[in-house]
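A look at the structure
Below are the chains, spelled out letter by letter.
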Amino acid sequence: MLETQYTLDTQTGQIAPAVDAAAVRAQDKAHVMHTYARLPVTFVRGQGARLWDAEGREYLDFLAGIAVNGVGHCHPALVKAIQEQAATLIHTSNLYHTAPQALLAQKLAEISDFSRVFFCNSGAEANEAAIKIARKHGKQVGGDSKYHLITAQNSFHGRTLATVTATGQPKYQAPFTPLVPGFSHVPFNDIEALEAAVTEDTCAVMLEPIRGEGGVYLAHRPYLEAARRICDKVGALLIFDEVQTGVGRTGKWWAYQHYDVVPDMMTLAKSLGGGVPIGACLARGAATETLVPGDHGSTFAGSPLAASAALAVLQTIESEHLLANAHAMGEYFIHRLGEPALRGKIKDIRGMGLMVGVTLTTPDAKRVQAEALERGLIINAIGDDILRFLPPLIITQSDIDQAMTVLLAVL
Ligand SMILES: *Cc1c(COP(=O)(O)O)cnc(C)c1O
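Residues numbered from 1 in each chain as written. Predicted model: local features only at pLDDT ≥ 70, side-chain atom pairs only at ≥ 80, totals over all residues. Heavy atoms only, no water.

Focus on the site of the ligand
Defined as follows: One heavy atom within 4 Å of a molecule or strand is enough for the residue carrying it to be called near that molecule or strand. The term polar contact refers here to a pair of N or O atoms within 3.5 Å; inside protein, the definition further demands a hydrogen-donor-capable atom paired with an acceptor-capable atom, and it admits residues adjacent in sequence only when both atoms are side-chain atoms. All accessibility values rest on the Shrake-Rupley procedure with a 1.4 Å probe; residue burial counts only the protein chains present in the view.
Close contacts around the ligand come from Ser122, Gly123, Ala124, Asn127, Phe156, His157, Gly158, Glu208, Asp241, Val243, Gln244 and Lys270, and that covers them all. Here an oxygen atom of the ligand and a backbone polar atom of Gly123 are 2.8 Å apart. Taking Asp241, its side chain carries an N or O atom lying 2.7 Å from a nitrogen atom of the ligand. Expressed as a share of its isolated accessible area of 380 Å², the protein-covered part of the ligand is 82%.

What to know about the layout of surface pockets
Here is the rule we go by: Every definition here rests on a 1 Å grid over the protein atoms only: cavities are sets of points where a 1.4 Å probe fits but cannot get out, pockets are open sets enclosed by protein on both sides within 12 Å along at least five of seven lines, and lining residues have some atom within 4 Å of a point. Grid points are joined across faces, edges and corners, and a volume is the space filled by probe spheres set on the points. Helix and strand labels come from DSSP, where a helix needs a run of H or I of at least four residues and a strand needs a run of E of at least two; each type is numbered from the N terminus. Any residue that is not Ala, Val, Leu, Ile, Met, Phe, Trp, Tyr, Cys, Pro, Asp, Glu, Lys or Arg is counted as polar, Gly included; the first ten are nonpolar and the last four charged.
Approximately 890 Å³ is the volume found for the second largest pocket. Lining the second largest pocket we find 27 residues, and of these Asn94, Gln101, Val117, Phe118 and Phe119 sit closest to its centre. Elements with a contribution of two residues or more to the lining of the second largest pocket: α4 (99-110), β6 (116-120) and β14 (279-283). No other element matches the four residues that β6 contributes to the lining of the second largest pocket. Grouping the amino acids of the lining of the second largest pocket by side-chain chemistry returns 15 nonpolar, nine polar and three charged.

Let's talk about helix α5 (residues 123-142)
Our working definition: Every helix has an expected span of 1.5 Å times one less than the residues it contains. Exposure classes here rest on a 1.4 Å probe applied to the protein chains alone. A residue is buried below 20% of its type maximum, exposed above 50%, and partly exposed in between.
An ideal rise of 1.5 Å per residue puts 28 Å on 20 residues; α5 measures up with 28 Å between its terminal C-alpha atoms. Every buried residue of α5 is accounted for by Gly123, Ala124, Ala126, Asn127, Ala129, Ala130, Ile131, Ile133, Ala134, His137 and Gly138. Its side-chain oxygen placed 3.2 Å from the backbone nitrogen of Glu125, Ser122 serves as the N-cap of α5. Looking at the residues trailing α5, positive phi occurs at Gly143, about 90°.

Structural notes on the nonpolar core
Operational definition: Take the buried residues of types Ala, Val, Leu, Ile, Met, Phe, Trp, Tyr and Cys, join any two whose side-chain atoms come within 4.5 Å, and each joined set is a nonpolar core. Note on contacts: a residue pair is in contact if any heavy atoms of the two residues lie within 4.5 Å.
One finds Phe62 and Phe389 to be the most contacted residues of the largest nonpolar core, which totals 96 residues. Here this core takes nine residues from helix α11 (residues 304-319), the largest share from any one element. With near-sequence residues (within four places) excluded, Phe389 lies in contact with Phe62, Phe333, Leu337, Leu354, Met355, Val356, Val358, Ile379 and Leu407. Counting 21 residues, the second-largest nonpolar core is a separate cluster that includes Ala130, Ile133, Cys203 and Ala204.

Structure follows, in structure tokens:
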């Protein structure tokens, strides 16, 4: 058993439970399934762009819980919304109306090109909903054979059986075959390959505007424009998976706004609830009418608690001008990564707003991630040679300078 002791943080005056990191690790090792190769840190507290571990060490967070803590850790407006909603009404099920869910749906419609939403609890579930809508819509407009879905190689769409099938990475699929029928994968940014793959039997094309887990690779504008045109030609739906790129990450509310290509459906999760699980599948046009009562559902989805958290996140992004900040800080960060001192170390810099990736000249990403962590900077290694940066949208220029000092030292 963990014994709860309390310590006084002399800097903040807060009383916090003392956590025995070694005991936590031992319990985790014994009783949690080993699906994560966890890094050797136990976090106990967060504020803004900073986290503290059980030994009281401070970290600058350039990963934000994998693009989840968009407004930073424990933002006062988010904490207040959660606390007040938790004391009022947490959950009712979707058999009844609740105000926060209706308000959130209206807000999402106001700030996007989509008129209706299906709420769920994660990115995989948002994509699962989009896939089900695409299949039903396909059968309605094109008959029983119109169920084929096309996604990109090296994409990432989630871990449920349908979304891991959509995910174009065999390493995530191999243990779980047979997969769901009707999916195929095309090389990203290759218009000809997409044109060749889409047929009258295609019900949808699903793409990430920026491949996140796949290493931060941006779609080219002509590619997404062509995807729109190719889908329209055969009556297939275009789905953008904005689970990682959405909610301000790229400096606009949604990445599709950078491309002036509006899909039929857009999926969201990650930062939508600022850390409270919530996902969403947004639709416009015919796709808004496809599902009818009984077709699909979720017990928890869009609960008053999760919806209130999401509303607070969206309001904070507006009131603190975080879209503009994400854009400006993204430009500054990319500018600093281009410094002459890093030229021999970094082969390629990619990004949009605060979604940034670099490819190293050496297969050093895991070492750099570990050494940065030791020096109090949280970043993410993808494969052998890619570093991914997803700082919270509240990040400041001096935070970036502090991160650069660490990166310059470890690179
Ligand atoms: C993280 C992610 C998902 C899966 O989201 P979960 O909430 O982990 O199910 C799907 N698509 C993209 C683009 C993601 O980045």
